[in-house]
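# Coordinate inspection notes
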Amino acid sequence: MSTANYYHQGCTQYEHRALITNYCAVLECLRPLCPECIQEHYQYHMNSKTSPAIQSLTATRANCEKKISTAIQNLRKEIQSNDVQYMFNPDEILRQEIDKMEEAKQQMIQIIEIYFQQQENILKTKVNENQLKVKNIGGVFQKITEVINQLEGLKHNIVTSEEPYQYFSKTCRLDAKLLLDKYKSELKKIISTRELDPINVHIDQHRLFQLKNELAKIVYIMTHHTDELNESQQNKSFDQSPIQHVQPKSVDNQSRNISQQKFSQQLQAQPPAQTHVVAHVTTDFKIQRPNYFVSKDKILPFFRKDEKTLKVINIDTQQQKIINLNITYTIPAFHRSLILPNGDIYLSGGSLSQNQKESIIRKINISNNNTLQNVASMKVARSSHSMVYLNGSIYFIGGYVAQTNLTTSCERYVVAQNKMELCSKSNHPSNSPTCCPFNERYIYKFGGNDNNGQMVLVIERYDADTDQWCDIDPQISEIDLENFKGLFQYAACSQISPTKIFVFGGYDIEDNGTDFSFILEIESDGVHKIIQSNVKPLPYPEGFWNSQVIIDNNKLFVLQNIEMEDKIIDESNRCLLSFDGNDWKEIQVKL
């Protein structure tokens, strides 16, 4: 364009015929104007179909000053924003934000203390009410105490008296059974005439498990890009998060930690027992482990309780065989059995009566008339325990030591040396947890039930090299958490690859069978993740009294219980299941 388009004839950008009084602030112009140029410059914009911005020099100066001031103000605000200020004054930021978290913590502590104080008051009231209802029992107790003191005196006189004949006479006339029945009858009569409220503090482990994840929703670290980050992570399963007792890492809102303040504590809204999840194509279930057996016969055995028989099922021929044992006793209930890679079958523990457990470890000797040979005794007699084979030793973990007393005791039988060794105790007692070896060094222990019959929502790991147990705090994604049902008693598990353990089946606290399954993934940096929740459910919702899993030719094999009706299990038969990494299959066993 020529300057004639912008200015009056005879004027240029740098020279004007008159004093410059105006300025065009249009970005394409940005030119000074004298009074002679204003009309022609205005006409230029009209011809170009653009809007002129012709202002006086005074107005232009004021607008430019305002624009610069605004820019300076905005930049100063940016410097004072939290993210930038953090670089210059981190101590102040930490003080302010930690104070906020401390205030929230104190509020939560106050809420918890008030709630528990209310519960304590209720408990005291219930106890006092029961005491009022049975106030006469104290008199009976006093009478019993007096009788005991009299009997203690009689016993003392018999032992110390030089002429104990009269005391012999009293003792011989004493009807101890009648005496006991008398006071038992009095106590029963008093108690039966009063309605006593049973008192038992119930701890709901499921709700407790939810607590840590609810805290993550109440207090969390937020930055300006949090929303963007969460949105970009919506389709991702995991981010880094801490593992208890292993390596601390950061955590975000997408990935939740299943806390070991009892794994303890999430499953408020569990899906129905028969809800299955549509599986995506995945290699997570691919079985990449060596064959278990070195013996020719590949069999899965199980002993029949209260009988003298052993049944074995050959996984190659799918044939079963019943072996009548040459023994004088019957197989106790709640025992555990295991077959070693060389084909040796071991039997341990069980219930001999309500408060008496079996301690003997036996090995079947087929070559010697089908006898059971006593090879060792557990230092802690037990039932409903777990039995695991690792590096030449058979481990005996947990279980009952009395009718209602669970143990954390762990011990092992070193097969080659034929000796027992005590191991470190596990952290959590449980009834019928499921356990499996991992990478020839570890034993992983999943769930079971506690002394109150509640689910133990804890995963533990035993390190055979260091003889130490630790709780595992795994990560779990939102979608897997929605489908996660729990850690059940009488489940089964097996390592299926160098980094994965497959866990499946079991019974809930009401003894209902479950088809639930999941994978525990162990990454090289020690991070544990629960993945593929119920992606590969069992064909039948049931548990495993015989929970040993065998891997052969890239398939796993296991014996599942068979429910006849109303939670009654077929004691004499088992269902042979196989899994090839894609599908479960029931194998029809031949007689």
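Look up a bit, the structure's there.
In this report, the structure presented in the accompanying data block is examined.

About the cut-offs
Residues numbered from 1 in each chain as written. Predicted model: local features only at pLDDT ≥ 70, side-chain atom pairs only at ≥ 80, totals over all residues. Heavy atoms only, no water. Helix = DSSP H or I, 4+ residues; strand = E, 2+ residues; numbered from the N terminus. Contact = heavy atoms within 4.5 Å. Areas by Shrake-Rupley, 256 points an atom, 1.4 Å probe, with all protein chains shown as cover. Pairing = 2+ DSSP bridges. Axes fitted to C-alpha atoms, helices over the stretch in contact; angles between N-to-C directions. Buried < 20%, exposed > 50% of the residue type's maximum accessible area, 1.4 Å probe, protein only. Polar contact = N/O pair within 3.5 Å; in protein donor to acceptor, adjacent residues only side chain to side chain. Salt bridge = Lys/Arg side-chain N within 4 Å of Asp/Glu carboxyl O. Patch = residues over 30% accessible without salt bridge, like charges linked within 9 Å, V, L, I, M, F, W, Y side chains within 5 Å. Phe/Tyr/Trp six-rings, centres within 6.5 Å; stacked < 30°, edge-to-face > 60°.

### A word on the overall build of the chain
If you tally the helices and strands in the chain, you get ten helices and 30 strands. Contacts spanning at least 24 positions in sequence make up 56% of the contacts within the chain whose residues lie at least 6 apart. Only carbon and sulfur atoms are counted for the fraction: they give 51% of the accessible area of the chain, which is about 33300 Å².

### Let's talk about the sheet that holds strand 10 (residues 360–365)
The strand order 8-9-10-11 describes an open sheet built from four strands, whose pairing is antiparallel. The strands lining the two open edges of the sheet, one partner per strand, are strand 8 (336–339) and strand 11 (371–377). When strand polarity is set aside, the average angle formed by the axes of neighbouring strands in this sheet is 25 degrees. Both strand 8 and strand 9 (residues 345–348) contribute to a ladder of four bridges, which runs antiparallel. By the bridge assignment, Arg 336 is partnered in strand 9 with Ser 348.

### Some words on the sheet that holds strand 3 (residues 54–56)
A sheet is described by the order of its strands in space; here three strands give the open sequence 2-1-3, paired in antiparallel fashion. The outermost strands of the open sheet, each flanked by one partner alone, are strand 2 (31–33) and strand 3. Averaged over all pairs of adjacent strands, the angle between strand axes in this sheet comes to 30 degrees, irrespective of strand direction. Relative to strand 2, strand 1 (residues 22–24) is paired through three bridges, and the arrangement is antiparallel. Bridging from a neighbouring strand, Tyr 23 pairs with Pro 32 of strand 2.

### Comments concerning the environment of Gly 486
Inspection of the secondary structure puts Gly 486 in the loop between helix 10 (478–483) and strand 21 (492–497). In this structure, the C-alpha to C-alpha distance between Gly 486 and Phe 446, residues 40 residues apart in sequence, is 9.8 Å.

### A look at the side chain of Ser 517
Looking at where Ser 517 falls in the secondary structure, it is placed in strand 23 (residues 517–522). Residue Ser 517 is classed as buried on the basis of its relative accessible area of 0%. Separated by 2.7 Å, the side chain of Ser 517 and the backbone oxygen of Lys 536 make a polar contact.

### Overview of the pattern of salt bridges
The final tally for this structure, using the stated rule, is 21 salt bridges. In this structure, a network of salt bridges that share partners links the residues Asp 284, Lys 500 and Glu 521.

### Quick look at a nonpolar patch on the surface
On the surface, a cluster of nonpolar side chains totalling about 380 Å² of accessible area is made up of Leu 94, Ile 98, Met 101 and Ile 221. In this structure, Ile 98 sits in helix 4 (residues 90–133). Exposure remark for Ile 98: the relative accessible area of 44% places this residue in the partly exposed category.

### A word on the side chain of Lys 529
For Lys 529, the position within the fold is in strand 24 (residues 528–531). Among the polar contacts listed, one links the side chain of Lys 529 to the side chain of Glu 523, at a separation of 2.9 Å.

### Section: the packing of aromatic side chains
Under the counting rule described, the total for this entry stands at 21 aromatic pairs. Ring geometry for Phe 484 against Phe 516: centres 5.3 Å apart, planes inclined by 85 degrees, an arrangement best described as edge-to-face. Here Phe 484, found in the loop between helix 10 and strand 21, pairs with Phe 516, found in the loop between strand 22 (500–504) and strand 23; they are 32 residues apart in sequence, far enough to count as distant. Of the two residues, Phe 484 and Phe 516, neither departs from the other in class, the shared state being buried. When the centroid spacing of 5.0 Å and the interplanar angle of 70 degrees are considered together, the rings of Phe 504 and Trp 584 count as edge-to-face. Residue Phe 504 is located in strand 22, and its partner Trp 584 is located in strand 30 (residues 584–587); the two are separated by 80 residues in the primary sequence. Taking the relative accessible area as the measure of exposure, Phe 504 reaches 0% and is therefore buried. For Trp 584, a relative accessible area of 14% corresponds to the buried category.

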